[in-house]
Amino acid sequence: MKAEQLTQVTCYHCGDPCADEHRKRDGRDFCCQGCEVVYDLLNEAGLCDYYELEKRPGVKQRSSVDDQRSEIFGLTDVRERLVEFSEGGITRVRFNVPQMHCSSCIWLLENLHRIDKAIIRSRVSFADKELTITFREEQLPLPELVELLRRIGYGPQLTNASGRSRSGVPHMLYIRLGVAGFVFGNTMLLSFPEYLGADNEAGLKTGFQWLIVLLSFPVVFFLSADFFRSAWAGIRSRTVNIDIPIALGIVALWTRSLWDVATGAGPGYFDSLAGLLFFLLIGRWYQAYTYRALRFDRALEDFLPLVVIRKRGDAEEPVKVSELAVGDRIIVRDQELVPVDAILREGTAHIDNSFITGEPLAVRRNAGDAIKAGGRQRGAAIELEVVRPFGESRLKKLWAEQAAVGERPAMPRMIDNVARRFTIAVLLISLGAALYWWGRDAAQVWPVVTAVLIVACPCALALSMPFAYGHTIRLMGARGLFLRDAEVVERMAHADTVVFDKTGTLTAREAHEVVWHGAPLTGEQGTLVRSIARSSVHPLSAVVHHHLKNPLRQPSEVEDVAGQGVMGLVDGHAVRIGSAPFCAAPDVERASGEALVHVSIDGVVQGRFVIRKRARSGIAEAMGELRTATRTALLTGDAQVDDGLRTIFHGADMRAGCSPADKTRYIKQQQEEGHRVVMVGDGLNDAGALAQSDVGITVTETSAALTPASDAILDADAIADLPHFLRMARRARRIVIASLGISLCYNITGVSVAVAGYMTPLYAAILMPLSSVSVVGFVSLAVWLGARRPGLHHEVVG
């Protein structure tokens, strides 16, 4: 009987003790029907790998009168708050799911398509506790989707945006800070008889002591709740987090103080406990505030160098998407992304919403139809009217989510590993200090152990990487390079090879000279050619479009063939412009530095445009810097490399006649040889190479640059600064390592002083946020100075 009482049976799904409702299935124990149902659901879907990721990873189903009924999610007002996209039976919805707490939750929520075939894709934003699901609503209505999430223990919540202050810090944290300040101040006030040694007023002193005990209850059960919750989550998932030693310290200090007061041995350490929580919460506020400051999405329109064609009367001008206003008319060509929510005014649109839904099927839209930001036009150019400015679009979130879709593995997180081992070391040191002081001075055990647990906090470790990389992202963005996320900085820091595409990347968009070879084009023929050229985003098509001045007509059935050319119908005439084989034209020799664009109308070759392109300014200097620090290569689809570029890329690996597949194979070959590759292209004929590379950088002069394949977007005018951007990434990594050293030195010193018995828990709590402030200050200043200081030309790749 006693053995049975000592053996506690825990639930296979959630890890809670199995008590009154103990159930068994497949030889496994469950604490309630809800956990058993979730297990059955996962088992039927073949998702029992979920239980192998962590021990007892599941979330227990809990019924509450506060839970919103599933039918509520079908109401129009609620639906408008949650649904981001809904067209052609495919809906994209964003939920708040506060129950997710570990990597197992993320794995399960991103595999919902294996539970229900109507779910196309699901993506998790763990930091925001948000879940985005794309699904076929005809097969799975929104209320039923909500019910499915509840069945597996992740019921979404309808939250109010007022849960956070303007700074992004939760209001509850401010409430806790206020309560902590009140309790700390009053505890100090009631402790004055003890401080002054008022032994004559023993009754008053005892009364004050018990008042202080009462004040300690909100300290432990309200102010400390988040620390206990986080520590318990770590214990349940068999992982060590930084809140475990803090929670142990709070419990140790409180229980020892209660024992001292109850037995009359002394006043305890309630003043230190109250001060401890006050300064811990100040540290939490600082961390929440600084993490929020790293959310650069709000400044997206200031940095993202996307350009779109705005139409004013008969004139067309390129402008940044941030300059678009409601009511503006914009031109979106074949393969270009719709950057803002808009209404189709002219032309017939064939919108590919795969960026939003993951489904590549194009949807036909007619004049007057609404088109969401993120759709990609397939076909002739269309004219749109802006209904929402770029700052209100979700384009950045769509792009960021693509990082989770790719197969590229993330870099090992050096600081996460250090922090985990550090916390284990702190627990062992605390145990050793307790044993040492138990034999020397038992009264010192609790203060010393608590001081060690509190002062040795790796919060500064956790802050160093996001701050260093976050500031680097901001400074790069201000100079013309916009990164998808902080992980890209880490990959850039390890890069040792830079591969360039030629057309549209190294050559300027404006032609140096355009000459027509062939019979002079009639006005009608010029109109046909220009109308087709206008619908393509290829740089050579843009040159032809700007060179011809004929009036435009609306083409149809336009198709851009990667690496070949563009074709379509204009007033019933079949028009092709592009390479010689594409237009069935005879091959002709071309001089170095020239590009040829052949033209055929109704199957008859009319001639060719000879375009002499010039390299972008600063390319020669940039290549000179890159050669000293990295390996470089040039890939081009042209039959030969121009003499000018051959001189600039002297010593680099240059390959001509490369198809898009050849470029991808070259990148893969370099990676198999152990190199970390940065691919710089225009996102048109090199999307596969960009996706294959460790870091894909798209050089942009149009909105077509924002593709799932790209990790970064580089303003065409800033390409000469690429060596400086790579240096900034390497410096950021070295700054992280330096801040790691500073933080470890602080912790070693603090732990040593605490173990020696020279530090009280209160001083430990004061020093903990100060360590975070010092590391953040060092990182911010170092990154800023590193970005300003002219780089050394001979820099070793980290």
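No experiment lies behind these values; they were computed from the predicted model shown.

Q: Just to check I follow, could you spell out the pairing of strand 17 (residues 497–501) for this structure?
A: On a regular strand, one side chain projects to one face of the sheet and the next to the other, so that they alternate. Buried residues dominate strand 17, accounting for five of its five residues. Here strand 17 shows no split at all, with T497, V499 and D501 on one side and V498 and F500 on the other all buried. Across five bridges, the pairing between strand 17 and strand 24 (residues 631–635) is parallel. Bridging across to strand 24, V499 finds its partner in A633. Here strand 17 runs beside strand 26 (residues 677–681); their pairing, made up of four bridges, is parallel. Note that in strand 26 the partner of F500 across the bridge is V680.

Q: How do you make sense of the nonpolar core when you look at a structure like this?
A: One recurring pattern in soluble globular proteins is that nonpolar side chains are buried together. Of all hydrophobic cores here, the largest spans 50 residues; its most connected members are L481, L483, M492, F500, F649 and I697. Of the residues forming this core, the biggest block, eight residues, is contributed by helix 26 (residues 722–755). L173, L223, W437 and I454 belong to the second-largest nonpolar core, a separate cluster that totals 45 residues.

Q: Where do I start with the pattern of salt bridges in this structure?
A: Close approach of charged atoms lets side chains of opposite charge pair. This model, assessed by the stated rule, comprises 20 salt bridges. R229 serves as the salt-bridge partner of D226, at 2.7 Å between the closest nitrogen and oxygen. Note that D226 and R229 are positioned in helix 10 (residues 225–236) at a spacing of three residues, about one turn of the helix. Under the relative-accessibility criterion, D226 is labelled partly exposed at 31%. Here R655 ties to D653 by a salt bridge, and the two come within 3.4 Å at their closest N and O atoms. On the accessibility criterion, D653 (27% relative accessible area) is partly exposed. When salt bridges with common partners are traced through the structure, they connect K311, R329, R345, E383 and E385 into a single cluster.

Q: Help me out: how do you make sense of the sheet that holds strand 4 (residues 90–96) in this one?
A: Two orientations exist for strands paired in a sheet by backbone hydrogen bonds: parallel and antiparallel. Reading across from one edge, 3-4-6-5 is the order of the four strands in this open sheet, with antiparallel pairing throughout. In this open sheet, the two strands that pair with only one neighbour each are strand 3 (83–87) and strand 5 (119–125). Along the sheet, successive strands turn relative to each other by an average axial angle of 15°, direction set aside. Pairing of strand 3 with strand 4 involves four bridges; the strand directions are antiparallel. In the sheet register, S86 faces strand 4, and the bridge partner there is T91. The strands touched by helix 6 (residues 142–151) within the sheet are strand 3, strand 4, strand 5 and strand 6 (130–136), with strand 4 carrying the most contacts at an inclination of about 45°.

Thresholds, definitions, all that
Residues numbered from 1 in each chain as written. Predicted model: local features only at pLDDT ≥ 70, side-chain atom pairs only at ≥ 80, totals over all residues. Heavy atoms only, no water. Buried < 20%, exposed > 50% of the residue type's maximum accessible area, 1.4 Å probe, protein only. Helix = DSSP H or I, 4+ residues; strand = E, 2+ residues; numbered from the N terminus. Pairing = 2+ DSSP bridges. Core = buried A, V, L, I, M, F, W, Y, C linked by side-chain atoms within 4.5 Å. Salt bridge = Lys/Arg side-chain N within 4 Å of Asp/Glu carboxyl O. Axes fitted to C-alpha atoms, helices over the stretch in contact; angles between N-to-C directions. Contact = heavy atoms within 4.5 Å.

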